[in-house]
Number of protein chains: 2
Amino acid sequence: MNKAFVKFSLVILVLLHALFIRAQVAVTWTPVQPGIWKAVIGKPESISLLKAADVSAYEKGFALLPSVGFPLDKKEIVVRQRDGKIYLRFPLQKEEKIYGFGLNFQTVNQRGRVLDLHVDHYGGKDNGRTHAPVPFYVSSGGYGVLIDAARYMTVYAGSAVRVDSEHPPKLYDRNTDKDWSAQPYSDAVEVLVPAQGLEVYVFAGPSPMNVVQRYNLMNGGGCLPPKWGLGFTERMPTLSSQRDIVGEAKLFEQHDFPLDFIGVEPGWQSMAYPCTFEWDKQRFPNPSGFLKELSAMGVRANLWTNPYISPKASLYPLMKGLAGSHTVWNGLVPDMALPQARKLLKEHFLKEHINIGVSGYKIDEIDGFDNWLWPDVAIFPSGYSGEQMRQVYGLLMQRMTTGWFRERNQRTYGLIRASNAGASSFPYVIYDDYYSHRDFITALINSSFAGVLWTPEVRASESAEEWVRRMQSVCFSPMAMLNAWADGTKPWSFPEVEGAVKEVASLRMQLIPYIYSTYAQYRWEGKPPFRAMSLVEGSGGEDQRDQYMMGDDVLVAPMFTGEKFRKVYLPAGKWYDFYTGELAGEHEIITITPGLDKIPLFVKDGGIIPMMPPRRQAPVPGQKVHLLIRHYGKANGSFALYDDDGVSFDYEKGAYSFVTLSVQRDSNGNLAGSMSDPQPGKPYGYTKEVSWVFMTK
Amino acid sequence: MNKAFVKFSLVILVLLHALFIRAQVAVTWTPVQPGIWKAVIGKPESISLLKAADVSAYEKGFALLPSVGFPLDKKEIVVRQRDGKIYLRFPLQKEEKIYGFGLNFQTVNQRGRVLDLHVDHYGGKDNGRTHAPVPFYVSSGGYGVLIDAARYMTVYAGSAVRVDSEHPPKLYDRNTDKDWSAQPYSDAVEVLVPAQGLEVYVFAGPSPMNVVQRYNLMNGGGCLPPKWGLGFTERMPTLSSQRDIVGEAKLFEQHDFPLDFIGVEPGWQSMAYPCTFEWDKQRFPNPSGFLKELSAMGVRANLWTNPYISPKASLYPLMKGLAGSHTVWNGLVPDMALPQARKLLKEHFLKEHINIGVSGYKIDEIDGFDNWLWPDVAIFPSGYSGEQMRQVYGLLMQRMTTGWFRERNQRTYGLIRASNAGASSFPYVIYDDYYSHRDFITALINSSFAGVLWTPEVRASESAEEWVRRMQSVCFSPMAMLNAWADGTKPWSFPEVEGAVKEVASLRMQLIPYIYSTYAQYRWEGKPPFRAMSLVEGSGGEDQRDQYMMGDDVLVAPMFTGEKFRKVYLPAGKWYDFYTGELAGEHEIITITPGLDKIPLFVKDGGIIPMMPPRRQAPVPGQKVHLLIRHYGKANGSFALYDDDGVSFDYEKGAYSFVTLSVQRDSNGNLAGSMSDPQPGKPYGYTKEVSWVFMTK
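Residues numbered from 1 in each chain as written. Chains lettered and ligands numbered in written order. Predicted model: local features only at pLDDT ≥ 70, side-chain atom pairs only at ≥ 80, totals over all residues. Heavy atoms only, no water.

K.L.:
Just to check I follow, could you spell out the domain arrangement of chain A for this structure?
P.N.:
Accessible area lost upon the coming together of the parts is a frequently used measure of interface size. Residues and elements named next belong to chain A. Taken domain by domain, chain A consists of domain 1 (27–218), domain 2 (227–511), domain 3 (523–604) and domain 4 (608–694). Placing a centre on the C-alpha atoms of domain 2 and another on those of domain 4 gives a separation of 32 Å. At the junction of the two partners, domain 2 supplies 23 residues and domain 4 supplies 21 residues. Both sides together, the interface formed by domain 2 and domain 4 hides about 1900 Å², and carbon and sulfur atoms give 47% of it. The largest share of the area that domain 2 buries against domain 4 comes from Lys-227, Arg-411 and Gln-510, three residues that together contribute 41% of it. The interface formed by domain 2 and domain 4 includes 15 residue pairs in polar contact (both at pLDDT 80 or more). Contributing elements (two or more residues each) for the side of domain 2 that touches domain 4: α4 (242–254) and α11 (498–510). When residues in the side of domain 2 that touches domain 4 are grouped by element, the largest group, four residues, is from α11. (Domains from an automatic or database assignment. Contact = heavy atoms within 4.5 Å. Buried area = accessible area lost by both parts, 1.4 Å probe. Polar contact = N/O pair within 3.5 Å; in protein donor to acceptor, adjacent residues only side chain to side chain. Helix = DSSP H or I, 4+ residues; strand = E, 2+ residues; numbered from the N terminus.)

K.L.:
Teacher, can you tell me more about the layout of surface pockets here?
P.N.:
Where empty space is left can be seen by rolling a probe of water-molecule size over the atoms. Residue and element names in this part refer to chain A. Estimated volume of the second largest pocket: approximately 530 Å³. Taken together, 29 residues line the second largest pocket, and the ones lying closest to its centre are Val-55, Thr-402, Arg-406, Ser-425 and Phe-426. Residue assignment for the lining of the second largest pocket shows that the elements contributing at least two residues are α7 (339–352) and α8 (386–407). Take the lining of the second largest pocket: its biggest share by element is eight residues, from α8. When the residues that make up the lining of the second largest pocket are grouped by side-chain class, the tally is 13 nonpolar, seven polar and nine charged. (1 Å grid on protein atoms, 1.4 Å probe; cavity = no way out; pocket = protein on both sides within 12 Å on 5 of 7 lines; lining within 4 Å. Points joined across faces, edges and corners; volume = space filled by probe spheres on them. Nonpolar A, V, L, I, M, F, W, Y, C, P; charged D, E, K, R; others polar.)

K.L.:
Can you walk me through the relation of the copies chain A and chain B in this structure?
P.N.:
A rotation about an axis combined with a shift along that same axis relates the two copies of the chain. For these two chains of identical sequence, chain A goes onto chain B by a turn of 180° and a shift of 0.0 Å along the axis, with RMSD 0.0 Å. Such values leave the two copies arranged in the relation of a two-fold axis. Taking the C-alpha atom as reference, chain A places Gly84(A) closest to the rotation axis, 3.8 Å from it. (Least-squares fit on C-alpha atoms with pLDDT ≥ 70 in both.)

K.L.:
I'm lost on the sheet that holds strand β8 (residues 136–139) of chain A in this one. Help?
P.N.:
One key point about sheets: their strands pair by backbone hydrogen bonds, in either a parallel or an antiparallel sense. Residues and elements named next belong to chain A. Taken together, six strands build an open sheet; the order of strands is β1-β2-β13-β9-β8-β5 and the sheet is antiparallel. The strands lining the two open edges of the sheet, one partner per strand, are β1 (30–33) and β5 (98–100). Geometrically, the sheet is characterised by an average inter-axis angle of 30° between neighbouring strands, direction not taken into account. Taken together, the three bridges between β5 and β8 define a ladder with antiparallel strand orientation. In the sheet register, Ile-98 faces β8, and the bridge partner there is Ser-139. (Pairing = 2+ DSSP bridges. Axes fitted to C-alpha atoms, helices over the stretch in contact; angles between N-to-C directions.)

K.L.:
Honestly, the sheet that holds strand β26 (residues 566–577) of chain A in this entry has me stumped. Any pointers?
P.N.:
All names here are of chain A. As summarised here, the arrangement of the six strands in space is β23-β24-β25-β28-β26-β27, forming an open sheet in which the pairing is antiparallel. Here the strands that pair on one side only, and so sit at the sheet edges, are β23 (530–531) and β27 (583–592). Sheet topology places β26 next to β27; eight bridges connect them, and they run antiparallel. Opposite Arg-566, over in β27, you have Ile-592 as the bridge partner.

K.L.:
Can you walk me through the pattern of salt bridges in this structure?
P.N.:
For side chains bearing opposite charge, pairing can occur when the charged atoms are close. One pass over the structure, following the stated rule, counts 90 salt bridges over all chains. One salt bridge connects Arg235(B) with Glu265(B), and the closest N-O pair in it is separated by 2.4 Å. In this pair, Arg235(B) is assigned in strand β14 (residues 232–235) and Glu265(B) in the loop between β15 (261–264) and α5 (287–296), connecting sequence segments 30 residues apart. Grouping residues by exposure puts Arg235(B) and Glu265(B) together as buried. A cluster of three or more residues bridged by salt bridges with shared partners is formed by Asp364(A), Asp367(A), Arg417(A), Asp433(A), Glu457(A) and Arg459(A). (Salt bridge = Lys/Arg side-chain N within 4 Å of Asp/Glu carboxyl O. Buried < 20%, exposed > 50% of the residue type's maximum accessible area, 1.4 Å probe, protein only.)

K.L.:
Explanation requested: the packing of aromatic side chains in the structure shown.
P.N.:
In this description, an aromatic ring pair is defined by two values, namely the gap between the centres and the angle between the planes. Residue and element names in this part refer to chain A. Enumeration according to the criterion identifies 110 aromatic pairs over all chains in this entry. Residues Trp-37 and Phe-70 carry aromatic rings whose centres are separated by 5.2 Å and whose planes lie at 75° to one another, so their mutual orientation is edge-to-face. Remark: Phe-70 occurs in the loop between α2 (49–53) and β3 (78–82) and Trp-37 occurs in strand β2 (residues 36–42); sequence separation between them is 33 residues. Of the two residues, Trp-37 and Phe-70, neither departs from the other in class, the shared state being buried. Between Tyr-308 and Trp-329, the aromatic rings sit 5.9 Å apart at their centres with planes inclined by 80°, giving edge-to-face as the arrangement. On the criterion of sequence distance, the pair formed by Tyr-308 in the loop between β16 (300–305) and α6 (315–319) and Trp-329 in the loop between β17 (326–327) and α7 is long-range, its members being 21 residues apart. Taken as a pair, Tyr-308 and Trp-329 share a single burial class, namely buried. Feature note: the residues Tyr-58, Tyr-516, Trp-524, Tyr-642, Phe-649, Tyr-651, Tyr-656 and Phe-658 constitute an aromatic cluster, connected by ring pairs. (Phe/Tyr/Trp six-rings, centres within 6.5 Å; stacked < 30°, edge-to-face > 60°.)

K.L.:
When you look at the side chain of His131(B) in this model, what are you seeing that I'm missing?
P.N.:
Residues and elements named next belong to chain B. By the element assignment, His-131 lies in the loop between β7 (129–130) and β8 (136–139). For His-131, a relative accessible area of 0% puts it in the buried group. At 3.2 Å, the side chain of His-131 and the backbone nitrogen of Tyr-122 are in polar contact.

K.L.:
I'm lost on the side chain of Asp439(B) in this one. Help?
P.N.:
Residues and elements named next belong to chain B. Its place among the elements puts Asp-439 in helix α9 (residues 437–447). Of the polar contacts made by the side chain of Asp-439, one reaches the side chain of Tyr-434; its length is 2.5 Å. Those residues within four positions of Asp-439 in sequence are excluded, and the remaining contacts are Phe-105, Gln-106, Tyr-434 and Arg-545.

K.L.:
What should I look at first to understand the confidence of the model for chain A in this one?
P.N.:
Detailed reading of the predicted model is not advised wherever pLDDT is low. Taken as a whole, chain A shows an average pLDDT of 95; of its residues, 96% reach a score of 70 or greater. Across the assembled chains, the prediction reports ipTM 0.94 with pTM 0.95. (pLDDT = per-residue confidence, 0-100.)

Take a look at the structure:
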């Protein structure tokens, strides 16, 4: 019997081997951009994430990046195709950390996790179900991988252990060994994609920031919002009338509180959930007049909507054959992959909203929950399945609406509830209802690995402390937003902290020259404006989940309710307190005990922060404001100050300025500031009068 | 343009229609058993849930059921095949409730839910991820549907709404209408199965109980545990030695506390997590002697294990080519679909455990979490994927081990962490770590729709109250188990309630004649021993999640910590207090305020409850015990008392007794009990001496 058994085992082993080898797919890596390679596996589907986003690379941006070779050992990338699915494997080294895989809320390093990448409301667990489950990861080792498929894919980010691994985990006996772990060491990222084909991209660094830059540049470069998008915004209670909203804008004037745009919630529509996209005649008797009235106050309107078309909408009969097989809240789900469906929406939205002054949209409820959205059994007339459409719907909505504004040479800045890979250039900010302040900050950090923007929006608070802490951090995010749709809270609702709240909103406004230049970096170089600490050049791959960088120079360490002190990690080099200019520390973890009135901010040695005087609204085209330039620390520094008209796409045709701000020691050893001249004839919104402030004594 | 647009729309509509019609699959329903029809869709895979379970129907059981026709309008069952997936749709009527879809913990009626049926640890939400995600549902309308595929399937149980629905939900405006619902009415169950083919079964009733019976009979009839399996069991702390365990059994003797079998946790193995399946020489120097010593006390041993094979196991080199591509905790995952893998395990387990007296197993950790189990990217030498193997592993383990004992003509009764459709006849009880008492009871209720058994095991408690409440309900479940593996708690650990705990354990023992007969119903008629209220014949489809039936006559309404009173739903007819015989109510909801010392139990009018005197252990073959028969209420009644040797499968060859217990009013109008004679020569473990107790005065 033993002999027979050995024979049998050998047969099995041979079969097993054949099975694995047969299924293995030869992969060819083709360079597509500097430091980016693509492999086509199987027969890619006609829709994918990048195909849905449909954005061309910003090729000039790559010129600034170091030239690099393929960052992995190609033999260690294993691809198999079997049972209508693609199996992918990428190697991991012992010390590598893995960042990304979309907008996670609780963890930064994803190594060891299992994620089902699936567009959804975030449900309280980093399990891959989130608003932007981007199948892109960045290794602390300085390379990245993107899997382009509009499918629910399952990711084992260093959690699956193969029998034939060359780097097997150590063996422990749980009975007796305290070091036993439920999740042994794994030397690979493995991904299962239920698709007949897909495209994989590998990005070189050399640094993790370079990887992110290449990703964003490939996807068109980051979005450059209109300047007004960087101002403060409030969303109105849901059933507000046009009179209520104009009144609210006046209240902001009376309180001298910043307000650049205002969010108009579902009540503007004659029916919502599902939507008509038509103004409600009672609450909004004169939409055009309403928008003009706001405009006269320098305030823009952003309209809430979801895409589900009410049987009462004029679009309903036209869209009936152009929608998915299933309804959401009784509304048709327009098939955004059909040009005719997009055309109908465009005609309606332009005529009814945009042409009379609407500045943008908040596009809600296109993410989940499973119980709300169209089901996976839905089929769309374009031929795409519910699953495919769910993975790309947010992209298709962003692409469509972005295009509408672009054709008008008008920038927009809006809110989106679902996104995915390829969205870097879309002027949309993700948000949700989950409302954990701490997790909102982690999401902000993770947004920098996913080519998306995120706002830790403020709604209501249980205490003045929570209120000021939330307002402080939202003012250091892509969209400084109070979402009062449900509660009607005002920035000054908590009198104890009214001053501190106003101060931080004012600081946000003063920082617009710095922030706008930081977005210009996003646009031209692909560097995300709000970033994880591990994207700081020269950082050791830190994965703090509660502090982040705003641009190259400002470290933000928000405080959370109930905290009197916190730890802050300061990367290599000296770091200075933003408010006092004093040395805070150098490549160390410090403990700070800030008061309620300020959000802790630190500037790196030599950091130059261009600011402007406090104002309620972002500068408008042609307007010149005074520059107030701060320098921190002892080191020389320089800063590329960007400007353009702030509202149009003329910058793409060269209508912009880059002015270099420099600080150097003069012959006496004193720090002195200087700046290059703006190019004549280019938009440049600053006066010649410039104040230099050397913050560090 | 308008004309062109109309033309374009028409083309789209035609295409859309063609797409749907083309994809639709004609379905043929073939009768396979009385009241059960099967349809083969596409090309079913070589593995499925029922193929894994591999059980033949118990055909004789159908004879007792009414004859019925196909219970649905066949035209309303729509099947589509597209993109390598099967789309299924079944109609729902307005008032229908949907039960089942596996072992859910928080909800009974599943209508309106979205479930991804996926073998997993239960994670706190009824989302389809559970230990037994059985793709079978029972309608309150009196029919059932089973989808037989070893795949993760997505179920929209009356939650997806089609554009072309003939029963569309009412339209509401969320802006102004308080009746707006996030989940509008749906008239269908829709299921997406990512498989090239599958089999669907439709079960007729006419009652929901009849549906469940047909399901269980098709799957071999329910399991009949050995009698000792109905006694009390404790699982030992994990590193207990053989001496500790024998000592514990003696402690139970000293405390005069019931104990029929004892659980031997991981420490019996020389290495565990992964496992060697070999006795640890230090802790268990003499396994055979240890088992004999226990046996001398009437106590059996049940061995904990998981299937993952340690590199230190003697089986490891033999199994290396017969295991999946990935390890779990460094252990090989044997490919249970390979006969050779099963053979190796059988040889080892028989020789090392079963032949020396081990009575059964607790098979752990074959359910999830994703981070623990083999990944979906795993491939098994049998050719099955990680996904397929995950859905059937629990079934394959049950089938294999059940077979080992059956070949010895020896019944076993064990614990299993993962199961699925087809498991009715397997003598295994599901358990988990989730430990919500209330949700454990809901799981017990839902187990009756899934053809599985479940124990609300007791571990530790924060108070004496919690302790007695948990012990009370576990004694009214398929396995009366204290799992002390982590805490070492004893039944008498809370002195305040020691008496009450002992009383309920004793009551469990006294009720064995009733419970064993109830399991006989499961075996011969397919009626689950512990049942949802909606399975009470004549019930209106109630979906209580905190009360259930034990057999036909006993209603169990467990109390939970912190509750001084509770509501109890009493179905049609009169119901009587088990302890006093007093009338409790009639087809109504009553509120009771029981003390700590008793679990509320009610018996229906005419109910006959055969009991035996208190004892520590279940009767052994040949032993005769005294019968004490209770009658409740005013009505006549009868009860089929079942008996056999309690340990072997001889009952399948006719070696069993059915004795009819009857209560009828005599000519004077007094109730009087009588019983039929046991058949001579058949096993019957009761003395002739019988006490009749008429509980209701």
